[in-house]
Structures are given as structure tokens and as C-alpha cells.
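Breakdown of the fold
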Amino acid sequence: MAASSNAEQTHLQDMEEGDAGMEEKDRDSDDEVEEEGMGVDISDDEEDNSSEDEKENEAEIQRLEEQLSINAFDYNCHVDLIKLLKQEGELVRLRKAREKMSELFPLTEEIWLDWLKDEIRLTEEEPNREKVYELFETAVKDYICPEIWLEFAQYSIGGMGSPGGMDKVRCIFERAVTAVGLHMTKGQTVWEAYREFENAILSTVQPPPGRIPTREEQELLKTQIERIHTLFRRQLAVPLMDMEATYAEYEEWSEHGVAETVMHQYKKALEQLAKYKSYEEALMAAEPPKLAEYQSYIDFELKEGDPARIQITFERTLAENCLVPDMWAKYATYLDRQLKIRDMVLSSHERGVRNCPWTMGLWKSYLLALERHGADHLAVSGVFEKALSAGFIQATDYVEIWQSYLDYLRRRVDFSKESSKELEELRGAFSRSLDYMKQDVEERFGESGDPSCIIMQIWARIEALHCKNIQKARELWDSIMTKGNAKFANMWLEYYNLERSYGDPVHCRKALHRAVQCTSDYPEHVSEVLLTFERVEGSLEDWDVAVQKTETRLNRINAQRAKVAEKEANVARQEEERADQRRRTKAEKKGQKKGPKGTRAGEKRKAEQDDHHNEWNNSSEHGTKRHRGNGDQTAEEHMVTETGLFGKKAPPGYKRPPPGNKKAQQGGAAAAHQQSSNDDDKPELRNDNSSVFISNLAYTLEEPEAKMRTLFEACGPIEQVRPVFASKGAFKGYCYVQFESTVSVAEALKLDRQEVEGRPMFVSPCVDKNKNPDFKVFKYNNSMEKQKIFISGLPFSCTKEQLEAICKGHGTIKDIRLVTYRSGKPKGLAYVEFADEAQASHAVLKMDGMCVEDNTISVAISNPPRRTAMDKAGSSRLPVDVPRQVFGSRGRGRTQLSLLPRSLHRQSGPENGAVAEQASAENAAGETKPLSNSDFAKMLLSK
């Protein structure tokens, strides 16, 4: 075998010398081209332009380096810096930038291949090959990439001439086929490269024609042929795409045909390929990130139960969905529970936290895996410190990661010893966690994340149970109660249970007495616990004291509750009075406006009700019948102001009816009103449960009943369509659609915001707000939605399709909503909902600051402000706590400016309470009394 290896080395050296000669010729030709190029004159303008570009690039490089010094976790900044440095040819700085990025993030396949090719060109000398080998070893750990493995194997072929070079190449190829040989679409390239390498070796060991090989050469030739046979057999046993071509090649190459065992394995692999083919075709047809297709593929593999195929499928999924924390967690859980191979498990956990450092659950699982596989204490502590600097998005995440680390430290302590290094470290970690929550977490989030002091409770239990130090536990509980927890009954009962288990009756009694005095949420329950305790443990004197304290406390609590209930009742009554006053004032103003237009002196008309739903439920109450002098009775009229529905201005395009058609309009209105009266006389025709309310329609909409019936007939059979008209026959922009079945309502609500003649049509359930005043029409969430992004600054011409084309490259889009005015004109705002939180975060990183049609957009996670009473749709009432005086007697002016000094705009406080009471009394009476100079002087002097 020594002679055979020497012969292989000799042949390989000949191959390398030939390759080196070809490389020298290529370099000579390149040098000639460069020398010829040097003869071309470069103009002064081109030199000036190039120098200016270099200065601009250098300034940009410095800016990016400064930005990374502030925030080292800016992924895009790393990528931009590497591109600029490569463009400028700064090789030393380029290498440092890549190394720094590799320390923080796993690099993509493209970045690794660029880096490896650059390093291969720079290190052509033999002593530097080991550095490139180390770089390859780092690259293959980030993701399972067949291209990187193939590049690694091909690079190692260049070092075959060194001692042990042949064995090293074969070792790398074996690792490659083990890692990616099962890859259905790309694994075949690695197998073929391996066979080509062995075929090249075979050509070097074959004797030249006409010469009889020696016995050693024959043995070497036989061994090499067997290697190639083995590779064919191994590859044909693996289900791979286009494996029929491999079988045909083997038939042609083998001199003795294909063995029965190989044919049997090949047929079995074909059967497996048939099962996997549908999933592979779905992946090829899908667009990135293909998460749903990969998920179904993984579920199928888990049912099949082949660990190697499950692993390669997970690796393929994560290579294209590296920012999906749930997928990393699922992969790590499978490895933890099924394979339990230390290196494989820890590697997956490490890659998971490097890809998704913001996910606390991955760090928590990583710490448990390190402890489970017996990692060194320094390694566990190092991972924990990295977790603290990862930048979690919630304060509670820091509480959970601290709990995991403290659990780990507690399991290291031998509590049979009174004192130990591990116990001191545990106590120090508890103290540090409390300081960290108080300083770092509260400073960043405005809250500690641990309002119930869970960490301190655990510490107190450990001191009481394991360390037998009940005094320390009491001190910790005293600190817990001083942090705002003394008013909660459950906290006192937790402390009582601790004293009951590890303390004495005296301290139990003290704890319960303090609980009775401090608890405000459930004082009855705490009192009952105290009385039960005294029944079991106390004397007659203790019982009397407990009864007296509980009765006194409960009487005080009941008195406070009665005061609160009375105050709430007064507030509700005042609100009702204010509402009545506003309605009366509004009716008077409407009557005054209508007075000059033909009403008789002293005659008043009833104002239109605020809630438009009353027209559906009871049309006869909307107005009063008007009697003329001859005793005839006119049709019932509805008061309609110029502002229209909800006090809003008429929509664009609204035109008043021409005077000549006045009689016709009055006739049409009377007919429409007569029809609605006839319908209202039949209660069985009105059913709110099977009806929807349509609003925001154009006032100029022609034949609204026919158009609404055509639009909604696809939702189900329609019982009636009732458009609402004003007294003069003009359409008021809203109507009611009643279906024969309640099932149709859900389908009709899906048409909400659909455009009708250029305006978004609002579709909402038909609800009587007099019976259900808390009903909310606003259907969108007003809290943070981590899977949804908010985009502002969009051009008004941007459509849904254009926005979808921009966003679909960052994840799976579930919904897109363009925000518009009531008229249908866009606001330049949009909400885009993705499949999960990770895709939304990725979209924010990539899209924020992007230019769309010369507009720079801003992108953030959706977190709309909470809607108040002034924000609710259709609300035109002022908030209760805002005095009417702020807006003046006629409401807020059209300019939105106030001539009153700002210092006088403050809410009434203790210093000017008299003036505020006077103003509120005037408002309650419906009068607006101007302030005199003396009133202003009193307010200024009272400051």
C-alpha cells in the first residue's frame, strides 16, 4: 500500500504541474492584456471623476463604520460596508469587516462564496492554505449549503500534493455527502464531483497501453475501481432527482453489469422518490420564502420517521427561512428529544440564537441544552451574558431569561453545606437580577417587567426551604410589599403560606393582620382567612381582636364603596343632563335657522334625532305634523341641515335640487316617506339581525335602491332595500339592506370599504344604539400588532397591487389596507399584514427609508393610538371633562385659533375652582355669559 500511495502522489504531482503551467499561461496572457491596456491615455476629467468617487466612497465608509460603532447589530449596514470596501479594493479592511459581521451574524451563501473566493486568490502560497481551510470550516457551520461544500472539496483538491492530501480530500468529500448528499435537488452535484475525483485518480493509476502492470499496480487499480463502484451503489440507494441518468451511467461504466442488490436498492429509492416528488415540485413552483410548502414537507418527514431526511429537510427550510424563530425552535426541540447528539443539538441552538437573537425562547432553550449536555459553567454564563445584550422586545422576556439562569445556578448548589461558592454565586445573581430589572429594563421599557416580583418570591422560597433562613425570606417579602403589592390579597396570602410552611404562628398572625389593613381588592377573603386561622390557632383574646379588626376594616371598605357608587351615579346623572341640554340647544338652533324660511311665529319644530338608526326603527317619531290654516295636514317632514349626516359636510359632487323641480321632489319625498311609513307599520318586515347599514354613499347616486340590490344580491336573497331621503327628495347617502336570512349578513359585511362611484362604501351591522350604546363600528385593532406593519409617506397614486409587489419579497402577505378619506381619496398610509412577527420585523428593516416614486416611506410595526370618545366614528359630541367655555358659545371657530391666552386654557383646578364652578353652572343652564375684566383679574391673581 505504501508503494501504491507513492505512485498516486507521483501521478498527482504530474497533474498539478500541468495545472500550474496552464495557470502561468493564463496569467501571462492577462499581464499582456493589462500592459496593452496601460498604453491607453486617461484623460484628466476621468481622473478627477475617479478621485471624487473615491472621496465620496471613503466618506460613506467612515459613516458606516461610525454607525456600526453605535449599533453593531445593524445587519444592512454591515452588508453595505462590505460592498463598498470590496469596490474600493481595501482588502485588509474588507477582511476585518467580514470577520466582524461573521462574529455577530451567520452569513448567507452569497456572502460566504464571495469571501472564500477572495481569500483563495489572496492566499496562493502553501503555508496560507490552513487559514482558508479554517474559513471553510466556519462557513459550513452556518447553513447547509451544497455550493459551499462543493467549493470546499474542490479547493482541497489543490492541496493533494502535500503529505496526507489525498486522505484529506476524501475526508472532505465524505463530510459533504453526509451533510448534503440527501438534498433532493442539489445533492447529486456533490456525488458527481466525488465520482469525478475518483475517476481522475483512476486514470492516473492505470498503466499505459502496451505495458503489463505490476502486482502492486494491479492491486492499486482494483482498489480504485472498487471505490467508484461503492460510490455508485451509495448514490443509487439515495432518492435524488434525475437518478435515472445516474443508473444509466453506472450501467455503461460497469463492465460486469449491475448487481441484483444494487438494482433492488435503486428500485426502492425510486419508490421513495415518487413519494417525495410532489413536495419537491410544490417547492419548485412556490415563491420564496416557501414556508407553508416546507412546513407540509416537514410534517410528512416526521410521519415517515427517517432522522437523516428529517434533518436535511429542516436544514433546507432554515436556509431559506432563517429569520423564523418558530422553525428554529421546532428543529431544536426535535433534536433535543429524538437524536440527542451533543454537537448537533448545541450547533442548532447556537445557529438559532445567532439568526433570531431577539427571541427569548431560543436563548432559554439554549441554556437548558447546555446544562443538559454538561457544558462548562463558563460557557453557560457566556451564553447568558450574550442573551442579555441581544435586545429583547419586551420587558417580560428579561424576567424569563433571568429565571432560567437562576434555575440553572440553583441546581448547581449543594444545600447540604452551610456555605459554598455556588450558593454565594446564586445569591449574587439574585441581587444582580433585581438591580438589572430596576436600572436597565425600567430605563428602556418604562416598567420592570416583574410587577409581582416573581424573582424575589423565588429567592425568598429558596432561602426559607433550602437555606433555612426565614429571616432573609421575611426581609425579601417586606421589600415585595413596598413595591405596590400590599393592596393585593393574593400577595398577602402567598406570604402567609410561606410563613405557614416555614415560619411560626406569631408571624402568620402578623401577616394576616397587615393583610386585613392593606388589602383593597378582596378584603372579605383575607378577613375570612384570618378568622379561620384564629379558629384553629388562636385564643379567645386573639379571636376578639381579629373580629374587631375585620369588622372595622370591612365597614370602612363598604363606606368607601358607597361613596364611589354615589359619585359614579352623580357623574352619570350629570352626563345625562348635559346630553339633554345639548339636544335642547341643538333643537333650538335648528328651529331658529328654519324660522325665517316660512314657519309661523311662535311655532317650533322638533329637531332630528342624533341617531340615524331611529329612522329604521320608528319613522313616525322623527318630526311633528304641521297644520295649515285651512285645517289640512301635510306629509311628515324630516329636518335636514346643510351639513348632512353626522354633522359632516356634503360629499364632493353634491348639488342642491333645482328650484323648478321642487314640487316633483316633494312628491317623490312624500312617496318615499309614505313607503317607509307603510314598511314601518309592519314590524315583521324589520329585522335588525338580518340587516346591514350602508353609509358614505354619494348624495348624487342615482337609483340607489336598484344599485344596492344589484351590489348585494350576490350575498343572498334580499327582503327589502330602503334608501333614506330628505324631506325634499334628496338622497341622504345611506340606506338599509334587509336579507331573508341572517347568514347573508356576514357575506354583506365583507363588502365594507368597496368603492361605489369613487367613494368607499361603509357596511356595518344594523344595531339600535339607543338599546346598545356601547356598540362600536370601528372594526380594526387599536393595539400593537407585531405581524402587521404601518407604512406612511406613500405616493397618492400607489395602488394595492404596487404595494403588494413591493412587500411580497419580505414574506407572505395576508392583507393590505390602503387608508383613505371618506371621499375615497388616499391619505398616503397603508397597513400590511404578514404571516408572522418575524416577516414583519424583516420587512421593517428592509423597507424603512425606501424610495417609492420619489417618496421616502417610513415603515414601523403597527401600533395605532388608542381611540378616545372624540376619535370614534360618527361621534360629534364633546368629551365630558372639557368645558364648553374653551370653544366659546358658538363652538370652535373655523380658524381653529383662540384669542384667549394659553395660561387661561388650563382645566379648572384648586386655585380657580370658583370660576370653574361658575362656568359649569352657566353651561348647565345653557347660557354663555362673557367674563368681565374683574373675572380675568381674579384668575390671574390666583395663579
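The present account deals with the structure reproduced in this document. Just so it is clear, the model here is predicted, and its values are computed rather than measured.

Right, let's talk about the sheet that holds strand 3 (residues 731-739) for a bit. Spatial ordering of the open sheet is given by 2-3-1-5-4, a layout of five strands whose pairing is antiparallel. This sheet does not close on itself; its edge strands, each paired only once, are strand 2 (718-725) and strand 4 (754-756). If you compare each strand with its neighbour and ignore which way they point, the axes differ by 30 degrees on average. In this sheet, strand 3 lies alongside strand 2 in antiparallel orientation, the contact comprising six bridges. When the bridges of strand 3 are listed, Gln720 appears paired with Gln738.

Before going further, it helps to examine the packing of helix 10 (residues 215-236) against helix 11 (residues 243-253). For any two helices packed against each other, the geometry is given by the interaxial angle and the distance between the axes. Taken N-terminus to C-terminus, the directions of helix 10 and helix 11 make an angle of 155 degrees; their axes are 10 Å apart at the nearest point. Taken together, the axes of helix 10 and helix 11 lie roughly antiparallel to each other. The way helix 10 lies across helix 11 gives a crossing that is left-handed. Facing helix 10, whose interface residues are Ile225, Ile228, His229, Phe232, Arg233, Gln235 and Leu236, helix 11 presents Met243, Thr246, Tyr247, Glu249, Tyr250 and Trp253. Considered class by class, the residues forming the contact of helix 10 with helix 11 number eight nonpolar, three polar and two charged.

The strand order across the open sheet formed by four strands is 7-8-6-11, and the pairing between neighbours is antiparallel. Among the strands making up the open sheet, the edge pair consists of strand 7 (813-820) and strand 11 (858-862). Each strand of the sheet is rotated relative to its neighbour by a mean of 20 degrees, with strand direction disregarded. In this fold helix 31 (residues 800-807) packs onto strand 6 (785-792), strand 7 and strand 8 (826-834), with an angle of close to 135 degrees to the strand it touches most, strand 7. Those strands touched by helix 32 (residues 837-847) are strand 6, strand 8 and strand 11, and its axis lies near 25 degrees from that of strand 6.

Inspection of every chain in the model, using the stated rule, returns 43 salt bridges. One salt bridge connects Glu249 with Arg195, and the closest N-O pair in it is separated by 3.1 Å. Separated by 54 residues along the polypeptide, Glu249 in helix 11 and Arg195 in helix 9 (residues 187-205) bring together distant segments of the chain. Note on Glu249: relative accessible area 36%, which makes it partly exposed. Look at Arg195 and you get buried, because its relative accessible area is 2%. We note a salt bridge from Arg582 to Glu575, for which the minimum N-O separation is 3.6 Å. You can call Glu575 partly exposed: its relative accessible area is 25%. What you see here is one network of salt bridges that share partners, running through Lys86, Arg98, Asp118 and Arg121.

Criteria and thresholds
Starting from 1, residues in each chain are numbered consecutively following that chain's sequence as written. Under the rules for a predicted model, residues below a pLDDT of 70 receive no local features and side-chain atom pairs below 80 are neither given nor counted, while totals for whole chains, interfaces and linings still include all residues. Here the side-chain values reflect all heavy atoms present in the structure, with hydrogen atoms and water set aside. The pairing criterion is simple: DSSP has to find at least two bridges between the two strands. Strands are runs of DSSP state E lasting at least 2 residues, helices are runs of H or I lasting at least 4, and numbering of each runs from the N terminus. Every angle, taken between N-to-C directions, lies between 0 and 180 degrees, and every axis is a line fitted to C-alpha atoms, over only the stretch in contact when it is a helix. For classification purposes, angles smaller than 35 degrees are called roughly parallel, those larger than 145 roughly antiparallel, those between 65 and 115 roughly perpendicular, and all remaining angles oblique. Each crossing gets its handedness from the near helix: less than a right angle anticlockwise from the far helix is left-handed, clockwise is right-handed. By definition, residues are in contact when any of their heavy atoms lie within 4.5 Å. Just so you know the grouping, Ala, Val, Leu, Ile, Met, Phe, Trp, Tyr, Cys and Pro go in nonpolar, Asp, Glu, Lys and Arg go in charged, and all remaining residues, Gly too, go in polar. Throughout this description, the term salt bridge denotes a Lys or Arg side-chain nitrogen within 4 Å of a carboxyl oxygen of Asp or Glu. Residue burial is assigned from relative accessible area. The probe radius is 1.4 Å, only protein chains are included, and a residue is buried under 20% of its type maximum, exposed over 50%, and partly exposed in between.

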